[in-house]
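Overview (structure and organization)
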Amino acid sequence: MTRKRDAALHPSGAGAAFLRVAAGPGPSTKTPSFPEFILIISVMLLVPVQLVSAHPQCLDFEPPFKPLWHLEFCTQYEQFGCCDQKTDNQIAERYWDIMDHLEAAGYELCEDMLKEVMCQECSPYAAHLFDAEDPYTPVREIPGLCSGFCSEFHGKCRHVVKYLTENQLLQDTCERDMYTFCSMIDLSDQDYCYPNVLKSTDLSSNLGRVVEDPKGCLQLCLTEVANHLRNPVLMLHSSDDTHRMFIAEQMGFVWVYLPDGSRLEQPFLDMTGEVLNTPWLGDERGFLGMAFHPKYQDNGRFFIYYSIQIYSEPEKVRVSEMKVSAHDMNMADPYSERVILEIEEPAANHNGGQVLFGLDGYLYIFTGDGGKAGDPFGKYGNAQNKSALLGKVLRIDVDGSDSSGRQYRIPPDNPFIGDPDARPEVFAYGVRNMWRCSVDRGDPVSRYGRGRIFCGDVGQNRYEEIDIIVKGGNYGWRAKEGFECYDLKLCHNSSLNDILPIFAYSHHVGKSVTGGYVYRGCESPNLNGLYIFGDFMSGRIMALEEDKTTGNWKERSVCMGETKTCSFPGLINHHHKFIISFAEDEAGELYFLATTYPSAGSPFGTVFKFMDPSRRAPPGKCKQKPLPVKVKGKKVPFVPKELTVLDTKEKPTRPPPRKFKLTTKPPVTSSEIKPTTAVGATMMSTALTLKWKSADKKVRKKKKLRPQKKKKVLKKQVADGLMKNNTLGQKSKEGEERKGRKRKKITAIKPVRDKVTLNCNHTDTADLQCNTLEAPNNLKDNTVTTKKKIHRRKVSLKRIKHEKNSVKSKKPANENHTFMNKTETNLKKRSSTTRNQTQVTSNPGGTTEAL
């Protein structure tokens, strides 16, 4: 949203002319004739009314959030806004500081309106109110106020403007002219100025929910994570707390990406000499799958799935075990391959390729039906033939071998382990060519859905489907395709007993499904529970939402957000057409891999990360602490290639300062009680005030100037150095007396960092009542206990009280004169001591002497 903010800095120039033009026509404006009027009305009726496009954004240029805990001060934004507890406390602290200054100066407090204005930093539209989203304008220190509210604010509270901004032009204008001042802090878009932003139903009705277009499509945005990849077929993590990502290319390379986005120069694995692939467009053979053992952090084992052809033998798919290098955690041992399983492929297509570990610790292998069209192999096809390994979901135990020579064991609860007409490895059957499956990690709180396996099964020529894999399930192929019959004879067989997909779509939408993941991440709470997947051919992204009461799944279309929706730094709203795979990182965030040209050697593969622009997690909630990664080679830094919604050169300006330093000091009133002795001067100068202020405005409401009761506060180092052990009147070691007065030597312990904070309240009777709030706990002299120190301070305070009361008593003229001279001398000493703090030296014994 571009606004003409030059008027704020130059109200008498072109900006003022713009305001005059915008104010309306002058008296010389020509009245339109009746035909012209009819024409204008007709055009207005033909032009559709454009609704306000909501774009909530905080001052840190991120989406709003729901705080983890309730807010004490800006409570109106505790359900959804831009402030967490820390920011809310900072605003409250600034607010009460201003209240103290207003109270001391005798101004009207304006509590309510001041609080409203200051709390706009917590508004979900804070970036709009403070003009922070426009990179061409400076960020405001006062939010944009609508003219009506601004007039009222100026009439009642213009004296607080100097506490809200350091802009001298705004301060001077506020004192001179209300109209000019309000025009300077107004917004050109009246829907976003305060308090209109609260009244707009278009801005507040769906606040915090995923943005939808008029057709109900969920608008999401993306960030670019990796690029220049050759047909990336998968990305996965190793669950070892390093948060590394491993990206595999179809030709056989596996690359390591670090949490900072950089890529290691040397590949983790190079299987290009073994993998069968060609440069043909759309060839399905190659490096297709990879899975890390659940205990990879301890045993370094992982498993791969790839196409292979040895000399002129038939093509096969191979599942092998490999291990990480013993010398480099970012490289696999190239000589560690152990073949687990090989399956002959009768055709070049439908090779399957997914391998993953379930929560039960077993390895699941997803094979294709063998290729060609319609599964023409055998009487019922490979998929319905339980004695064949093609067109199946296999489950094996890779943590051992059996006596028959297999490099794995059969889990004892596999469904067909006792069926002589079935292979014991079969866990489910009747699948065509499942491309990309995933395990649901479950709801972060309730763990609902944990362990479910979702798969996308590519259809023949009518339907694509999404399935949830269950033990012993028959998923219908080739009898059925989606919900419809494909082979009529098999479809009407009463013994089919197939499991229907949870969702299927026709080839009008897409022609090759790419299975995805159920989002269980932290950064985009609105997406929790959505199964997000896509289509390879059409490039369409879709989502399914479960009705937990019925178990049915409802389609939710996903589209890229509009320009305004994705107007955040670093976000993009487009992607490549061919969606190859989806991925999940160690924290549960969701990605997908796409390319512009689906060939094994095409270097146009890019990894995108999903991002919900309408709501984020509270700051700090999703912070990860990856384990360190020992890198032995070079790193290649990540350089984004995609064009972001916001031009990379248009960097938003900084947000307004969180802590505004007040330069105006409260005046010293005559009711303040000044110390009358050296002891009193020292104690008063070192008393620190900790004032807990109520958030209740009624408690703070004061309309008249009252005697100043605020105590003076010295700097911490003075308070810490003199407060610990400030004893006066100590005799010198020589015991000499000079001119009838005792020589005083000030000794003090070495200052420590833990401060002693006192709450000293002066009453009208000049009584002092001090309570220790914090006691030092790291003094070097451990023989002095805290109770003794408190007792010693109480004795000093009694002495202060006694001396203060003695001031009020009547004294002879000469005594009074002598006492006043002493007081004046002591005050001068205190003043001199404060000015010469830099001229204090410490001896090794811990005492300090003034030079």
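See above for the structure.
So, how was this worked out
- Residues numbered from 1 in each chain as written.
- Predicted model: local features only at pLDDT ≥ 70, side-chain atom pairs only at ≥ 80, totals over all residues.
- Heavy atoms only, no water.
- Helix = DSSP H or I, 4+ residues; strand = E, 2+ residues; numbered from the N terminus.
- Buried < 20%, exposed > 50% of the residue type's maximum accessible area, 1.4 Å probe, protein only.
- Areas by Shrake-Rupley, 256 points an atom, 1.4 Å probe, with all protein chains shown as cover.
- Pairing = 2+ DSSP bridges.
- Axes fitted to C-alpha atoms, helices over the stretch in contact; angles between N-to-C directions.
- Polar contact = N/O pair within 3.5 Å; in protein donor to acceptor, adjacent residues only side chain to side chain.
- Contact = heavy atoms within 4.5 Å.
- Phe/Tyr/Trp six-rings, centres within 6.5 Å; stacked < 30°, edge-to-face > 60°.
- Lys NZ or Arg CZ within 6 Å of the ring centre and 35° of its normal.
- Patch = residues over 30% accessible without salt bridge, like charges linked within 9 Å, V, L, I, M, F, W, Y side chains within 5 Å.
- Salt bridge = Lys/Arg side-chain N within 4 Å of Asp/Glu carboxyl O.
- Disulfide = S-S within 2.5 Å.
- Core = buried A, V, L, I, M, F, W, Y, C linked by side-chain atoms within 4.5 Å.
- Parallel < 35°, antiparallel > 145°, perpendicular 65-115°, else oblique.

**Here we look at the overall build of the protein chain**
Across its full length, the protein chain carries 19 helices and 34 strands. Split into buried and exposed, the 851 residues of the protein chain put 49% on the buried side. Surface accessibility of the protein chain: about 44,000 Å² in total, with carbon and sulfur atoms responsible for 53%.

**Some details on the sheet that holds strand S7 (residues 287-292)**
The sheet built from four strands is open, its strands ordered S7-S8-S9-S10 with antiparallel pairing. The open sheet terminates on both sides in strands that have one partner only, identified here as S7 and strand S10 (338-344). Pairwise comparison of adjacent strand axes, ignoring direction, gives a mean angle of 15° for this sheet. Judged from the eight bridges that link them, strand S8 (residues 301-308) and strand S9 (residues 316-323) form a sheet pairing that is antiparallel. What sits directly across from phenylalanine 302, in S9, is methionine 322.

**With respect to the side chain of aspartate 397**
Relative to the helices and strands, aspartate 397 resides in the loop between strand S13 (392-396) and strand S14 (426-429). Note on aspartate 397: relative accessible area 13%, which makes it buried. Polar contacts involving the side chain of aspartate 397 include one to the main-chain amide nitrogen of aspartate 399, which spans 3.0 Å. Not counting chain neighbours up to four residues away, the residues in contact with aspartate 397 comprise Tyr362, Tyr408, Arg409 and Pro411.

**Brief notes about the environment of glycine 273**
Structurally, the position occupied by glycine 273 is in the loop between strand S6 (269-270) and S7. Accessibility expressed as a relative area gives 74% for glycine 273, which makes it exposed. Taking the C-alpha atoms as reference, glycine 273 lies 9.3 Å from methionine 251; in sequence the two are 22 residues apart.

**A short note on the packing of aromatic side chains**
Enumeration over the complete set of coordinates arrives at 25 aromatic pairs. Taken together, a centroid distance of 5.4 Å and an interplanar angle of 50° make the contact between phenylalanine 268 and phenylalanine 302 tilted. Within this pair, whereas phenylalanine 268 is found in the loop between strand S5 (263-264) and S6, its partner phenylalanine 302 is found in strand S8, the two being separated by 34 residues in sequence. Under the relative-accessibility criterion, phenylalanine 302 is labelled buried at 0%. Joined through ring pairs, the aromatic side chains of Phe454, Phe503, Tyr505, Tyr531, Phe533 and Trp553 make up one cluster. Positioned over the ring face of tryptophan 477 is arginine 432, at 5.5 Å from the centre of the ring.

**Quick notes on the environment of leucine 341**
Here leucine 341 is to be found in strand S10. Separated by 24 residues in sequence, leucine 341 and valine 317 place their C-alpha atoms 8.3 Å apart. Discounting chain neighbours no more than four positions away, the residues touching leucine 341 are Val317, Arg318, Val319, Ile365, Leu389, Leu394 and Tyr408.

**Looking at unusual backbone geometry**
Going from tyrosine 194 to proline 195, the amide bond is cis rather than trans, its omega being 10°. Its location among the elements puts proline 195 in the loop between helix H10 (178-185) and helix H11 (196-199). Of the consecutive residues tryptophan 477 and arginine 478, the connecting peptide bond is found in the cis state with omega at 10°. Along the polypeptide, arginine 478 turns up in the loop between strand S17 (463-469) and strand S18 (480-481). Look at histidine 228: it is not a glycine, yet its phi comes out positive at around 60°. Relative to the helices and strands, histidine 228 is located in strand S1 (residues 218-229).

**Some remarks on the sheet that holds strand S16 (residues 453-457)**
Two pairing modes exist for strands in a sheet, parallel and antiparallel, and in both the strands are linked by backbone hydrogen bonds. Spatially, the four strands line up as an open sheet ordered S15-S16-S17-S20, and their pairing is antiparallel. Both edges of this open sheet fall to strand S15 (434-439) and strand S20 (503-506), since each of them pairs with a single strand only. Each strand axis lies, on average, 15° off the axis of its neighbour in the sheet, ignoring direction. Pairing analysis gives five bridges linking S16 to S17, with the strands arranged antiparallel. Bridging across to S17, cysteine 455 finds its partner in aspartate 467.

**Considering a nonpolar patch on the surface**
Taken together, the side chains of Leu281, Tyr597 and Phe604 present a nonpolar region at the surface, about 330 Å² in accessible area. Position of tyrosine 597 among the secondary structure elements: in the loop between strand S26 (590-595) and strand S27 (605-611).

**Re the pairing of strand S2 (residues 232-236)**
Counting buried residues along S2, five of its five residues qualify, which places the element largely inside the surrounding structure. Where S2 and strand S3 (residues 245-249) come together, four bridges link them in antiparallel fashion. In the sheet register, proline 232 faces S3, and the bridge partner there is glutamate 249.

**Topic: the state of the cysteines**
Taken as a whole and assessed by the stated rule, the structure comprises eleven disulfides. Between the sulfur atoms of cysteine 83 and its disulfide partner cysteine 122 the distance amounts to 2.0 Å. Where cysteine 83 bonds to cysteine 122 through sulfur, the torsion about that S-S bond is close to -90°, and the disulfide is left-handed. Of this pair, cysteine 83 sits in the loop between helix H3 (34-46) and helix H4 (85-105) while cysteine 122 sits in the loop between helix H5 (111-118) and helix H6 (126-129); the two residues are 39 residues apart in sequence, bridging distant segments of the chain. Taking the relative accessible area as the measure of exposure, cysteine 83 reaches 0% and is therefore buried. Of the cysteine sulfurs around cysteine 174, a residue in no disulfide, the closest is that of cysteine 150, at 8.1 Å. Exposure remark for cysteine 174: the relative accessible area of 1% places this residue in the buried category.

**A few points about the pattern of salt bridges**
When the charged atoms of two side chains with opposite charge come close together, those side chains can pair. One pass over the structure, following the stated rule, counts 32 salt bridges. Arginine 616 is the partner of aspartate 60 in a salt bridge, and the nearest nitrogen-oxygen pair spans 2.9 Å. Here arginine 616 lies in the loop between S27 and strand S28 (635-636) and aspartate 60 lies in the loop between H3 and H4, a separation of 556 residues in the sequence. On the accessibility criterion, aspartate 60 (39% relative accessible area) is partly exposed. Residue classification places arginine 616 among the buried positions, given a relative accessible area of 13%. Between glutamate 249 and arginine 230 there is a salt bridge, with its nearest N and O atoms 3.1 Å apart. With glutamate 249 in strand S3 and arginine 230 in the loop between S1 and S2, the pair connects residues that are 19 residues apart, well separated along the chain. Taking the relative accessible area as the measure of exposure, glutamate 249 reaches 2% and is therefore buried. What emerges from the salt-bridge pattern is a single network uniting Asp440, Asp443, Arg452, Arg520 and Glu546.

**As for the environment of lysine 480**
Mapped onto the secondary structure, lysine 480 falls in strand S18. Overall, lysine 480 belongs to the buried group, its relative accessible area being 17%. When the C-alpha positions of lysine 480 and leucine 496 are compared, they lie 9.9 Å apart, and in sequence the two are 16 residues distant. Apart from residues no more than four positions distant in its own chain, lysine 480 is found in contact with Cys485, Tyr486, Cys491, Leu496, Asp498 and Leu500.

**Observations regarding the nonpolar core**
Formed by 64 residues in total, the largest nonpolar core has its most connected members in Phe268, Leu269, Phe287, Met290, Phe302 and Leu363. Ranked by residue count, the leading element in this core is S8, at six residues. Grouped together as the second largest cluster of nonpolar side chains are 54 residues, Cys110, Ala127, Cys182 and Tyr192 included.

**Overview of the packing of helix H9 (residues 168-176) against H10**
Where H9 meets H10, the closest approach of the two axes is 6 Å, and the angle between their N-to-C directions is 140°. As the angle between them shows, H9 and H10 are arranged oblique. For the pair H9 and H10, the contacting residues are Leu169, Leu170, Thr173, Cys174 and Arg176 in the first and Met178, Thr180, Phe181, Met184 and Ile185 in the second.

**Overview of the side chain of histidine 293**
Here histidine 293 shows up in the loop between S7 and helix H13 (296-299). Residue class for histidine 293 comes out buried when judged on its relative accessible area of 5%. For histidine 293, the side chain forms a polar contact with the main-chain nitrogen of lysine 295, separated by 2.9 Å. Residue contacts for histidine 293: discarding those within four places in its chain leaves Asn299, Arg301, Phe302, Phe303, Phe357, Val398 and Asp399.

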